[in-house]
Protein chains: 2
Amino acid sequence: MLSEKQKELIERIGVFHEHKGMQPLVGRIIGLLLVHSNAEATFEEIVEELSVSKSAVSNALTFLQAKERITYHTKPGDRKRYFSLRMKNWSEELEKEMLEITKMKIFIDDVIKEREGSSCAEFKKCLVDFSDFLEFFKSEIPSIFKKFRSQKA
Amino acid sequence: MLSEKQKELIERIGVFHEHKGMQPLVGRIIGLLLVHSNAEATFEEIVEELSVSKSAVSNALTFLQAKERITYHTKPGDRKRYFSLRMKNWSEELEKEMLEITKMKIFIDDVIKEREGSSCAEFKKCLVDFSDFLEFFKSEIPSIFKKFRSQKA
DNA sequence: TATTTGGTTCTTTTTTTTGTGAACCAACCG
DNA sequence: CGGTTGGTTCACAAAAAAAAGAACCAAATA
(Lines give C-alpha, C1' and ligand atoms only; values in the text may rest on other atoms or scores of the structure.)
Protein backbone atom coordinates (compact mmCIF):
# COMPACT_ATOMS: atom_id res chain seq x y z
CA MET A 1 0.00 0.00 0.00
CA LEU A 2 2.80 2.44 0.84
CA SER A 3 5.91 2.84 -1.24
CA GLU A 4 9.36 2.92 0.31
CA LYS A 5 9.55 6.61 -0.45
CA GLN A 6 6.28 7.23 1.35
CA LYS A 7 7.37 5.24 4.37
CA GLU A 8 10.57 7.19 4.53
CA LEU A 9 8.69 10.47 4.30
CA ILE A 10 6.34 9.38 7.09
CA GLU A 11 9.36 8.57 9.21
CA ARG A 12 10.88 11.99 8.60
CA ILE A 13 7.64 13.71 9.47
CA GLY A 14 7.46 11.56 12.58
CA VAL A 15 10.91 12.55 13.72
CA PHE A 16 10.18 16.22 13.12
CA HIS A 17 7.19 16.02 15.39
CA GLU A 18 9.10 14.05 17.99
CA HIS A 19 11.57 16.90 18.16
CA LYS A 20 8.69 19.16 19.02
CA GLY A 21 7.95 16.95 22.01
CA MET A 22 5.21 14.76 20.57
CA GLN A 23 5.29 11.07 21.16
CA PRO A 24 6.68 9.04 18.29
CA LEU A 25 3.52 7.34 17.15
CA VAL A 26 1.55 10.58 17.13
CA GLY A 27 4.05 12.11 14.76
CA ARG A 28 4.03 9.13 12.46
CA ILE A 29 0.25 9.12 12.30
CA ILE A 30 0.34 12.75 11.19
CA GLY A 31 2.85 11.66 8.59
CA LEU A 32 0.67 8.82 7.41
CA LEU A 33 -2.37 11.06 7.06
CA LEU A 34 -0.37 13.59 5.09
CA VAL A 35 1.05 11.01 2.74
CA HIS A 36 -1.91 8.65 2.42
CA SER A 37 -3.37 8.77 -1.08
CA ASN A 38 -6.88 9.47 0.21
CA ALA A 39 -5.62 11.84 2.86
CA GLU A 40 -7.44 9.70 5.38
CA ALA A 41 -7.03 6.34 7.02
CA THR A 42 -9.00 3.91 9.12
CA PHE A 43 -7.96 2.64 12.51
CA GLU A 44 -7.11 -0.70 10.95
CA GLU A 45 -5.00 0.82 8.21
CA ILE A 46 -2.99 2.80 10.73
CA VAL A 47 -2.35 -0.34 12.76
CA GLU A 48 -1.18 -2.17 9.67
CA GLU A 49 0.76 0.52 7.84
CA LEU A 50 2.66 1.57 10.92
CA SER A 51 2.73 -1.95 12.38
CA VAL A 52 1.86 -0.97 15.92
CA SER A 53 -0.64 -2.29 18.39
CA LYS A 54 -4.28 -1.30 18.50
CA SER A 55 -3.91 0.16 21.96
CA ALA A 56 -1.07 2.42 20.88
CA VAL A 57 -3.13 3.67 17.94
CA SER A 58 -6.20 4.17 20.09
CA ASN A 59 -4.28 6.30 22.54
CA ALA A 60 -2.56 8.32 19.86
CA LEU A 61 -5.83 9.01 18.05
CA THR A 62 -7.50 10.07 21.26
CA PHE A 63 -4.65 12.46 21.87
CA LEU A 64 -4.78 13.89 18.36
CA GLN A 65 -8.52 14.42 18.63
CA ALA A 66 -8.16 16.11 21.99
CA LYS A 67 -5.62 18.46 20.43
CA GLU A 68 -8.00 19.00 17.53
CA ARG A 69 -5.41 17.94 15.01
CA ILE A 70 -7.62 15.31 13.41
CA THR A 71 -11.29 14.46 12.87
CA TYR A 72 -13.05 11.47 11.48
CA HIS A 73 -16.10 10.89 9.38
CA THR A 74 -18.00 7.72 8.69
CA LYS A 75 -19.50 6.24 5.57
CA PRO A 76 -23.06 4.91 5.39
CA GLY A 77 -23.20 1.21 6.05
CA ASP A 78 -19.62 1.18 7.29
CA ARG A 79 -18.80 1.20 10.93
CA LYS A 80 -15.18 2.25 10.37
CA ARG A 81 -13.98 5.73 11.20
CA TYR A 82 -12.02 7.55 8.55
CA PHE A 83 -9.48 9.77 10.24
CA SER A 84 -8.03 12.82 8.56
CA LEU A 85 -6.04 15.92 9.45
CA ARG A 86 -7.95 19.09 10.18
CA MET A 87 -5.95 20.86 7.51
CA LYS A 88 -8.16 23.91 7.26
CA ASN A 89 -6.79 24.63 10.70
CA TRP A 90 -3.21 25.07 9.70
CA SER A 91 -3.14 28.79 10.30
CA GLU A 92 -4.61 28.42 13.78
CA GLU A 93 -2.12 25.68 14.40
CA LEU A 94 0.77 27.89 13.38
CA GLU A 95 -0.57 30.78 15.36
CA LYS A 96 -0.56 28.57 18.42
CA GLU A 97 3.05 27.67 17.79
CA MET A 98 4.03 31.29 17.48
CA LEU A 99 2.15 32.14 20.65
CA GLU A 100 3.97 29.28 22.32
CA ILE A 101 7.23 31.11 21.75
CA THR A 102 5.89 34.22 23.41
CA LYS A 103 4.86 32.26 26.51
CA MET A 104 8.40 32.72 27.70
CA LYS A 105 7.47 36.28 28.53
CA ILE A 106 5.53 35.12 31.56
CA PHE A 107 8.53 33.79 33.39
CA ILE A 108 10.94 36.34 31.99
CA ASP A 109 8.79 39.01 33.60
CA ASP A 110 8.80 37.06 36.82
CA VAL A 111 12.57 36.92 36.66
CA ILE A 112 12.71 40.66 36.11
CA LYS A 113 10.47 41.23 39.10
CA GLU A 114 12.51 38.85 41.21
CA ARG A 115 15.71 40.71 40.34
CA GLU A 116 14.35 44.15 41.17
CA GLY A 117 16.79 46.13 43.24
CA SER A 118 19.66 43.78 42.51
CA SER A 119 22.75 44.53 40.44
CA CYS A 120 23.62 43.13 36.97
CA ALA A 121 22.29 46.16 35.13
CA GLU A 122 23.50 44.88 31.79
CA PHE A 123 21.83 41.54 32.28
CA LYS A 124 18.58 43.09 33.41
CA LYS A 125 18.53 45.35 30.39
CA CYS A 126 18.77 42.29 28.18
CA LEU A 127 15.88 40.71 30.00
CA VAL A 128 13.68 43.77 29.60
CA ASP A 129 14.61 44.05 25.96
CA PHE A 130 13.80 40.41 25.48
CA SER A 131 10.47 40.73 27.22
CA ASP A 132 9.62 43.79 25.15
CA PHE A 133 10.33 41.91 21.98
CA LEU A 134 8.15 38.99 22.99
CA GLU A 135 5.30 41.39 23.66
CA PHE A 136 5.90 43.06 20.33
CA PHE A 137 6.02 39.77 18.49
CA LYS A 138 2.82 38.57 20.09
CA SER A 139 1.06 41.72 18.96
CA GLU A 140 2.45 41.32 15.45
CA ILE A 141 1.21 37.79 14.86
CA PRO A 142 -2.21 38.72 13.52
CA SER A 143 -0.65 41.29 11.16
CA ILE A 144 1.63 38.64 9.75
CA PHE A 145 -1.33 36.52 8.74
CA LYS A 146 -3.21 39.54 7.47
CA LYS A 147 -0.27 40.62 5.38
CA PHE A 148 0.02 37.14 3.89
CA ARG A 149 -3.65 37.05 2.93
CA SER A 150 -3.59 40.47 1.30
CA GLN A 151 -0.35 39.79 -0.48
CA LYS A 152 -1.80 36.57 -1.79
CA ALA A 153 -5.01 38.13 -3.16
CA MET B 1 21.16 30.85 49.04
CA LEU B 2 17.92 30.57 47.05
CA SER B 3 14.54 31.56 48.39
CA GLU B 4 11.51 29.33 48.01
CA LYS B 5 10.15 31.73 45.42
CA GLN B 6 13.34 31.50 43.41
CA LYS B 7 13.35 27.73 43.54
CA GLU B 8 9.78 27.65 42.37
CA LEU B 9 10.57 30.00 39.52
CA ILE B 10 13.53 27.85 38.49
CA GLU B 11 11.26 24.85 38.48
CA ARG B 12 8.73 26.60 36.26
CA ILE B 13 11.42 27.68 33.85
CA GLY B 14 12.71 24.13 33.84
CA VAL B 15 9.32 22.68 32.97
CA PHE B 16 8.86 25.22 30.18
CA HIS B 17 12.11 24.11 28.60
CA GLU B 18 11.27 20.45 29.08
CA HIS B 19 8.13 21.03 27.05
CA LYS B 20 10.33 22.27 24.27
CA GLY B 21 12.14 18.94 24.33
CA MET B 22 15.13 19.83 26.48
CA GLN B 23 16.20 17.49 29.19
CA PRO B 24 15.03 18.45 32.67
CA LEU B 25 18.35 19.42 34.17
CA VAL B 26 19.26 21.60 31.20
CA GLY B 27 16.08 23.60 31.66
CA ARG B 28 16.63 24.01 35.37
CA ILE B 29 20.18 25.21 34.85
CA ILE B 30 18.86 27.89 32.51
CA GLY B 31 16.40 28.76 35.24
CA LEU B 32 19.12 28.94 37.86
CA LEU B 33 21.28 31.20 35.72
CA LEU B 34 18.34 33.51 35.06
CA VAL B 35 17.40 33.75 38.71
CA HIS B 36 20.82 33.70 40.33
CA SER B 37 21.62 37.02 41.92
CA ASN B 38 24.93 37.32 40.08
CA ALA B 39 23.46 35.98 36.87
CA GLU B 40 26.21 33.39 36.94
CA ALA B 41 27.04 30.25 38.86
CA THR B 42 29.95 27.90 39.37
CA PHE B 43 29.85 24.19 38.71
CA GLU B 44 29.78 23.58 42.44
CA GLU B 45 26.92 25.97 43.03
CA ILE B 46 24.84 24.31 40.36
CA VAL B 47 25.46 20.91 41.92
CA GLU B 48 24.41 22.21 45.31
CA GLU B 49 21.52 24.48 44.45
CA LEU B 50 19.89 21.93 42.20
CA SER B 51 21.05 18.96 44.28
CA VAL B 52 22.15 16.80 41.40
CA SER B 53 25.28 14.84 40.73
CA LYS B 54 28.47 16.27 39.27
CA SER B 55 28.22 14.05 36.22
CA ALA B 56 24.71 15.22 35.41
CA VAL B 57 25.83 18.84 35.67
CA SER B 58 28.91 18.20 33.60
CA ASN B 59 26.84 16.69 30.80
CA ALA B 60 24.21 19.41 30.89
CA LEU B 61 26.83 22.17 30.81
CA THR B 62 28.62 20.53 27.89
CA PHE B 63 25.32 20.41 26.07
CA LEU B 64 24.48 24.03 26.79
CA GLN B 65 27.90 25.14 25.61
CA ALA B 66 27.58 23.12 22.42
CA LYS B 67 24.25 24.82 21.79
CA GLU B 68 25.89 28.16 22.56
CA ARG B 69 23.35 28.97 25.21
CA ILE B 70 25.97 29.61 27.90
CA THR B 71 29.59 30.69 28.31
CA TYR B 72 31.91 30.85 31.21
CA HIS B 73 34.65 33.15 32.35
CA THR B 74 37.26 32.69 35.01
CA LYS B 75 38.63 34.93 37.69
CA PRO B 76 42.35 35.45 38.27
CA GLY B 77 43.70 33.10 40.92
CA ASP B 78 40.49 31.06 40.85
CA ARG B 79 40.24 27.81 38.95
CA LYS B 80 36.46 27.78 39.02
CA ARG B 81 34.42 28.48 35.94
CA TYR B 82 31.64 31.01 36.21
CA PHE B 83 28.86 30.00 33.87
CA SER B 84 26.33 32.47 32.53
CA LEU B 85 23.69 32.70 29.85
CA ARG B 86 24.68 34.23 26.53
CA MET B 87 21.89 36.73 26.92
CA LYS B 88 23.03 39.08 24.20
CA ASN B 89 22.05 36.25 21.90
CA TRP B 90 18.39 36.28 22.71
CA SER B 91 17.37 37.62 19.34
CA GLU B 92 19.40 35.03 17.47
CA GLU B 93 17.92 32.41 19.75
CA LEU B 94 14.39 33.54 18.97
CA GLU B 95 15.15 33.76 15.30
CA LYS B 96 16.25 30.15 15.42
CA GLU B 97 12.99 29.18 17.07
CA MET B 98 10.98 30.97 14.42
CA LEU B 99 13.00 29.36 11.68
CA GLU B 100 12.38 26.04 13.36
CA ILE B 101 8.67 26.47 12.70
CA THR B 102 9.33 27.06 9.02
CA LYS B 103 11.35 23.86 8.74
CA MET B 104 8.06 22.09 8.26
CA LYS B 105 8.05 23.46 4.75
CA ILE B 106 10.69 20.97 3.72
CA PHE B 107 8.53 17.94 4.24
CA ILE B 108 5.29 19.67 3.32
CA ASP B 109 6.83 20.30 -0.08
CA ASP B 110 7.90 16.68 -0.28
CA VAL B 111 4.36 15.65 0.52
CA ILE B 112 3.05 17.92 -2.23
CA LYS B 113 5.49 16.42 -4.68
CA GLU B 114 4.59 12.91 -3.58
CA ARG B 115 0.90 13.62 -4.13
CA GLU B 116 1.32 15.04 -7.61
CA GLY B 117 -1.23 13.62 -10.02
CA SER B 118 -3.39 12.21 -7.24
CA SER B 119 -6.86 13.39 -6.23
CA CYS B 120 -7.81 15.28 -3.03
CA ALA B 121 -7.73 18.68 -4.69
CA GLU B 122 -9.04 20.42 -1.60
CA PHE B 123 -6.43 18.84 0.61
CA LYS B 124 -3.63 19.64 -1.79
CA LYS B 125 -4.72 23.26 -1.98
CA CYS B 126 -4.41 23.47 1.78
CA LEU B 127 -0.92 22.03 1.62
CA VAL B 128 0.20 24.53 -1.00
CA ASP B 129 -1.35 27.38 0.92
CA PHE B 130 0.38 26.18 4.05
CA SER B 131 3.71 25.89 2.30
CA ASP B 132 3.32 29.35 0.83
CA PHE B 133 2.67 30.79 4.22
CA LEU B 134 5.73 29.13 5.71
CA GLU B 135 7.84 30.62 2.94
CA PHE B 136 6.28 34.00 3.53
CA PHE B 137 6.82 33.81 7.25
CA LYS B 138 10.44 32.86 6.82
CA SER B 139 11.01 35.86 4.63
CA GLU B 140 9.25 38.11 7.12
CA ILE B 141 11.35 37.18 10.13
CA PRO B 142 14.10 39.74 9.57
CA SER B 143 11.51 42.49 9.04
CA ILE B 144 9.90 41.65 12.35
CA PHE B 145 13.17 42.27 14.17
CA LYS B 146 13.84 45.37 12.13
CA LYS B 147 10.42 46.78 12.87
CA PHE B 148 10.94 46.13 16.58
CA ARG B 149 14.26 47.96 16.61
CA SER B 150 12.97 50.98 14.74
CA GLN B 151 9.81 51.14 16.81
CA LYS B 152 11.92 51.04 19.93
CA ALA B 153 14.23 53.89 18.90
C1' DT C 1 -29.07 -15.11 20.58
C1' DA C 2 -24.30 -16.06 19.05
C1' DT C 3 -20.61 -13.90 16.33
C1' DT C 4 -18.02 -10.62 14.16
C1' DT C 5 -16.28 -5.94 13.83
C1' DG C 6 -14.24 -1.75 15.49
C1' DG C 7 -12.36 0.01 18.99
C1' DT C 8 -11.13 0.98 24.25
C1' DT C 9 -9.06 0.01 28.71
C1' DC C 10 -6.00 -1.90 31.85
C1' DT C 11 -1.95 -4.34 33.20
C1' DT C 12 2.58 -5.67 31.91
C1' DT C 13 6.81 -5.41 29.24
C1' DT C 14 10.21 -3.04 26.59
C1' DT C 15 12.82 0.82 25.57
C1' DT C 16 14.62 5.28 26.35
C1' DT C 17 15.90 8.92 29.15
C1' DT C 18 17.87 10.74 33.04
C1' DG C 19 20.67 10.66 36.76
C1' DT C 20 24.17 8.36 40.09
C1' DG C 21 28.62 7.07 41.87
C1' DA C 22 33.04 5.68 41.55
C1' DA C 23 37.20 5.98 39.13
C1' DC C 24 39.91 8.93 36.85
C1' DC C 25 42.64 13.07 35.15
C1' DA C 26 44.95 17.44 34.90
C1' DA C 27 46.26 21.57 37.14
C1' DC C 28 47.61 23.74 41.00
C1' DC C 29 49.17 23.97 46.02
C1' DG C 30 51.85 22.94 50.17
C1' DC D 1 56.39 14.73 45.21
C1' DG D 2 51.55 13.96 47.76
C1' DG D 3 47.23 15.93 48.34
C1' DT D 4 43.43 18.97 47.11
C1' DT D 5 40.39 21.15 43.73
C1' DG D 6 37.53 21.30 39.61
C1' DG D 7 35.81 18.72 36.54
C1' DT D 8 35.11 14.52 33.03
C1' DT D 9 34.11 9.78 31.83
C1' DC D 10 32.07 5.43 32.10
C1' DA D 11 29.37 1.56 33.77
C1' DC D 12 25.18 1.05 35.98
C1' DA D 13 20.54 2.04 38.32
C1' DA D 14 16.24 4.38 38.67
C1' DA D 15 12.50 6.35 36.63
C1' DA D 16 9.62 7.63 32.98
C1' DA D 17 7.77 7.05 28.38
C1' DA D 18 6.07 4.13 24.78
C1' DA D 19 4.16 0.20 23.16
C1' DA D 20 2.21 -4.60 23.58
C1' DG D 21 -1.36 -7.81 24.55
C1' DA D 22 -5.15 -9.62 26.51
C1' DA D 23 -9.58 -8.77 28.22
C1' DC D 24 -13.36 -6.26 27.46
C1' DC D 25 -17.44 -3.63 25.44
C1' DA D 26 -20.98 -1.89 22.31
C1' DA D 27 -23.05 -1.93 17.88
C1' DA D 28 -24.14 -4.40 13.92
C1' DT D 29 -24.82 -9.01 11.68
C1' DA D 30 -26.06 -13.64 10.91
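In this text the structure is predicted, and so the values were computed from the model without any measurement. (Residues numbered from 1 in each chain as written. Chains lettered and ligands numbered in written order. Predicted model: local features only at pLDDT ≥ 70, side-chain atom pairs only at ≥ 80, totals over all residues. Heavy atoms only, no water.)

Colleague: Explain the layout of surface pockets to me, please; I cannot follow it from the model alone.
Modeller: One water molecule sets the probe size; rolling that probe over the atoms shows where empty space is left. Looking at the largest pocket, its volume works out to about 1500 Å³. Along its surface, the largest pocket is lined by 33 residues, and His19 and Lys20 of chain A together with His19, Lys20 and Gly21 of chain B are the ones closest to its centre. Secondary-structure elements contributing two or more residues to the lining of the largest pocket are α5 (90–102) and α6 (104–114) of chain A together with α1 (4–19) and α5 (90–102) of chain B. Among the elements that take part in the lining of the largest pocket, α5 of chain B stands out by supplying six residues, more than any other. By residue class, the composition of the lining of the largest pocket is 10 nonpolar, five polar and 18 charged. (1 Å grid on protein atoms, 1.4 Å probe; cavity = no way out; pocket = protein on both sides within 12 Å on 5 of 7 lines; lining within 4 Å. Points joined across faces, edges and corners; volume = space filled by probe spheres on them. Helix = DSSP H or I, 4+ residues; strand = E, 2+ residues; numbered from the N terminus. Nonpolar A, V, L, I, M, F, W, Y, C, P; charged D, E, K, R; others polar.)

Colleague: Honestly, the pattern of salt bridges in this entry has me stumped. Any pointers?
Modeller: Under the defined criterion, the tally for this structure stands at 28 salt bridges over all chains. In this structure, Asp109 of chain A and Lys105 of chain A form a salt bridge, with 2.7 Å as the shortest nitrogen-oxygen distance. Taken together, the positions of Asp109 of chain A and Lys105 of chain A, both in helix α6 and four residues apart, correspond to about one turn of that helix. By relative accessible area, which is 25% here, Asp109 of chain A ends up partly exposed. The residue Glu93 of chain B makes a salt bridge to Lys96 of chain B at a minimum N-O spacing of 3.8 Å. Taken together, the residues span about one helical turn, with Glu93 of chain B and Lys96 of chain B both in helix α5 at a distance of three residues. (Salt bridge = Lys/Arg side-chain N within 4 Å of Asp/Glu carboxyl O. Buried < 20%, exposed > 50% of the residue type's maximum accessible area, 1.4 Å probe, protein only.)

Colleague: Teacher, can you tell me more about the protein's contact with DNA strand C here?
Modeller: In the region of DNA strand C, 16 residues are neighbours, and Lys54, Ser58 and Arg79 of chain A together with Ser53 and Ser55 of chain B sit closest. At 2.5 Å, a side-chain N or O of Lys54 of chain A approaches a base nitrogen of DNA strand C. Ser58 of chain A places a side-chain nitrogen or oxygen 2.8 Å from a phosphate oxygen of DNA strand C. Of all the secondary-structure elements, those providing two or more residues to the surface near DNA strand C are α4 (54–66) and β3 (78–85) of chain A together with α2 (24–35) and α4 (54–66) of chain B. Tallied by class, residues from the surface near DNA strand C come to five nonpolar, five polar and six charged. (Near = heavy atom within 4 Å. Polar contact = N/O pair within 3.5 Å; in protein donor to acceptor, adjacent residues only side chain to side chain.)

Colleague: Where do I start with the interface of chain A and chain B in this structure?
Modeller: It is common to give the size of an interface as the accessible area lost on bringing the parts into contact. Across the boundary between the two partners, chain A contributes 53 residues, which contact 53 residues of chain B. Across the chain A to chain B interface the summed buried area is about 4900 Å²; carbon plus sulfur atoms make up 73%. Inspection of the chain A/chain B interface yields 10 salt bridges. A salt bridge links Glu140 of chain B to Lys147 of chain A; its shortest N-O distance comes to 3.1 Å. Scanning the region where chain A abuts chain B turns up 16 residue pairs in polar contact (both at pLDDT 80 or more). Elements supplying a minimum of two residues to the side of chain A that touches chain B: α1 (4–19), α2 (24–35), α5, α6 and α7 (121–152) of chain A. Of the residues forming the side of chain A that touches chain B, the biggest block, 19 residues, is contributed by α7 of chain A. (Contact = heavy atoms within 4.5 Å. Buried area = accessible area lost by both parts, 1.4 Å probe.)

The values reported here are purely geometric and, on their own, carry no functional implication.
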